[in-house]
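Listed below are the residues making up each chain.
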Amino acid sequence: MGSQLAPADPATGAVPSKGRCNWAAGAAFATVVNLGVLFQSLGLEHGLPTSDRIGGVGIGVMCAVLAALLAYVVHGDEARGPRWRKTGVVSTAAMAVLAVVVMVVA
């Protein structure tokens, strides 16, 4: 997915292979970080989470999705690749904030 968002070279119209790898690696890294944050926030290392914790984390994930949606809308005038990269960064940052909040509250 990330390699398809890489911007093309304006002169040739082709996406350099290094650019594809960088974008794909960034997307994979963000996915792993988000899954790790979700795992930690739910406390899965201690077994099944309580329904209260699932609800709280669910609300936090919905807030992260809302923040990503707002970032996507705000950057609507940009090209597809940079727009999605900024959306992903906002989503991952919101998930990191969720992890910090859960650690402080729990």
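A brief structural summary.

### Structural notes on the pattern of salt bridges
At step 1: Considering all chains together, one arrives at one salt bridge under this definition.
At step 2: In this structure, the salt-bridge partner of E78 is K86, at a minimum N-O distance of 2.9 Å.

### Examining the packing of aromatic side chains
At step 1: Tallied over the full model, the rule gives one aromatic pair.
At step 2: Ring geometry for Y72 against W84: centres 4.9 Å apart, planes inclined by 45 degrees, an arrangement best described as tilted. Linking Y72 in helix α2 (residues 51–74) with W84 in helix α3 (residues 80–105), this pair joins segments that are 12 residues apart in sequence.
At step 3: Across the ring face of Y72, the terminal group of R83 is positioned such that the distance to the ring centre comes to 3.5 Å.

### As for α2
At step 1: Here α2 spans 34 Å end to end across 24 residues, near enough to the 34 Å set by a 1.5 Å rise per residue.
At step 2: Taken residue by residue, α2 has V57, G60, A64, A68 and A71 as its buried positions.
At step 3: At its buried positions, α2 is contacted by α1 (17–42) and α3.

### So, the packing of α2 against α3
At step 1: At a closest axis distance of 8 Å, the pairing of α2 and α3 adopts a crossing angle of 155 degrees. Of the possible angle classes, the one that applies to α2 and α3 is roughly antiparallel. The two elements α2 and α3 meet at a crossing, and its hand is right-handed. Of the residues in α3, those in contact with R53, V57, G60, V61, A64, A67, A68, A71, Y72 and V73 of α2 are R83, W84, K86, T87, V90, S91, A94, M95, L98 and V102.

What counts and how
- Residues numbered from 1 in each chain as written.
- Predicted model: local features only at pLDDT ≥ 70, side-chain atom pairs only at ≥ 80, totals over all residues.
- Heavy atoms only, no water.
- Salt bridge = Lys/Arg side-chain N within 4 Å of Asp/Glu carboxyl O.
- Phe/Tyr/Trp six-rings, centres within 6.5 Å; stacked < 30°, edge-to-face > 60°.
- Helix = DSSP H or I, 4+ residues; strand = E, 2+ residues; numbered from the N terminus.
- Lys NZ or Arg CZ within 6 Å of the ring centre and 35° of its normal.
- Expected span 1.5 Å × (residues − 1).
- Buried < 20%, exposed > 50% of the residue type's maximum accessible area, 1.4 Å probe, protein only.
- Contact = heavy atoms within 4.5 Å.
- Axes fitted to C-alpha atoms, helices over the stretch in contact; angles between N-to-C directions.
- Parallel < 35°, antiparallel > 145°, perpendicular 65-115°, else oblique.
- Left-handed = near helix turned anticlockwise from the far one by under 90°.

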